[in-house]
Amino acid sequence: MTERTIETGRGLVRVVADAEALAHAAADLFAETTTEAAAERGRAFVALSGGSTPQRMGELLAAAPHRDRVPWERLELFWGDERWVPSTSPESNAGVARRAFVDRVPIPAAQVHPFPTPDEAATPAAAAAAYAATLRRAFGGGGLPRFDLVLLGMGDDGHTASLFPRTAALAERSALAVANVVPKLDADRLTLTAPVLNAGRRVVVLVAGAGKAEALRAVLRGPADPDTYPSQLIRPDAGHALWLVDEAAVRLL
Ligand code: 6PG
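Residues numbered from 1 in each chain as written. Predicted model: local features only at pLDDT ≥ 70, side-chain atom pairs only at ≥ 80, totals over all residues. Heavy atoms only, no water.

Q: Outline the packing of aromatic side chains, supporting the account with residue identities and numerical values.
A: Summed over the entire model, instances satisfying the criterion amount to 10 aromatic pairs. Between the aromatic rings of Phe30 and Trp72, the centroid separation amounts to 6.1 Å while the plane-to-plane angle is 35°, which identifies the pairing as tilted. Linking Phe30 in helix H1 (residues 19-41) with Trp72 in the loop between helix H2 (53-61) and strand S4 (75-79), this pair joins segments that are 42 residues apart in sequence. Taking the centre distance of 6.4 Å and the plane angle of 85° together, the rings of Phe30 and Phe101 count as edge-to-face. Here Phe101 lies in the loop between helix H3 (93-100) and strand S6 (112-113) and Phe30 lies in helix H1, a separation of 71 residues in the sequence. You can call Phe30 buried: its relative accessible area is 0%. Of the aromatic side chains, those joined through ring pairs into one cluster are Phe45, Phe78, Phe115, Tyr131, Phe139 and Phe147. (Phe/Tyr/Trp six-rings, centres within 6.5 Å; stacked < 30°, edge-to-face > 60°. Helix = DSSP H or I, 4+ residues; strand = E, 2+ residues; numbered from the N terminus. Buried < 20%, exposed > 50% of the residue type's maximum accessible area, 1.4 Å probe, protein only.)

What follows is the structure, given as structure tokens:
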């Protein structure tokens, strides 16, 4: 099936055949957006999603042709969220990304900005506060950090980043990053807040697989209920988000 787009009142949905096509489209977007940002502003700021969906994209970015199309030396890489685990944990979003591509491309180490881990910060709240300070230093001055590219995923419960249904972080409108207790996972998470995610110049949500179909329908077509479907909080200041999805995930839309 060829690519197609669906206009919803909550964002443009670009439908590709399957997860592999989605990874290629995401890698193309990553290369295009960072090249454009570096040309226009000298640097490119990216907030990377966690989870499994972006892994294949990462592998593509670490090899030709994508590897040669990204201005790695002018890229500042952050994460949209992180688990409260050591960087060596298989649960670590930064650890997964490092193994998939970050440690295999010529991005200067000082331009890779993972969240602090339990080895580096005393508490999740301290880690989130430290990350907010890192963001302010990297972006300079006050105001909201405006990433050139915010890459997000969506869980089958409609969460994004670590903004989970009925959790405290959903209501945060002033802090740039917060710790978030997620009872359903019995876990502490670290996450950028909705205002920071929505300040992105380009916000792309990657959604693949039939398991996401019901949540995608609810998020994009259902009644406004961001407490239940936090991905509804993604309403970028600079216009609509791009929902990059595969046929399996879009079947109920
Ligand atoms: C995380 C993510 C999270 C993820 C979704 C989708 O830390 O888990 O940032 O928001 O994007 O849960 O995860 P999958 O891509 O694994 O389905």
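Q: Tell me about the pattern of salt bridges, and please be specific about residues and values.
A: Working definition: two side chains of opposite charge can pair if their charged atoms are close together. The tally for this structure, following the rule as stated, stands at 15 salt bridges. With its nearest N and O atoms 2.6 Å apart, the salt bridge here joins Arg4 to Glu247. One end of the pair, Arg4, is in strand S1 (residues 4-8); the other, Glu247, is in the segment after strand S11 (242-246), and 243 residues separate them in sequence. The class for Arg4 is partly exposed, based on a relative accessible area of 34%. With relative accessibility at 18%, the residue Glu247 sits in the buried group. (Salt bridge = Lys/Arg side-chain N within 4 Å of Asp/Glu carboxyl O.)

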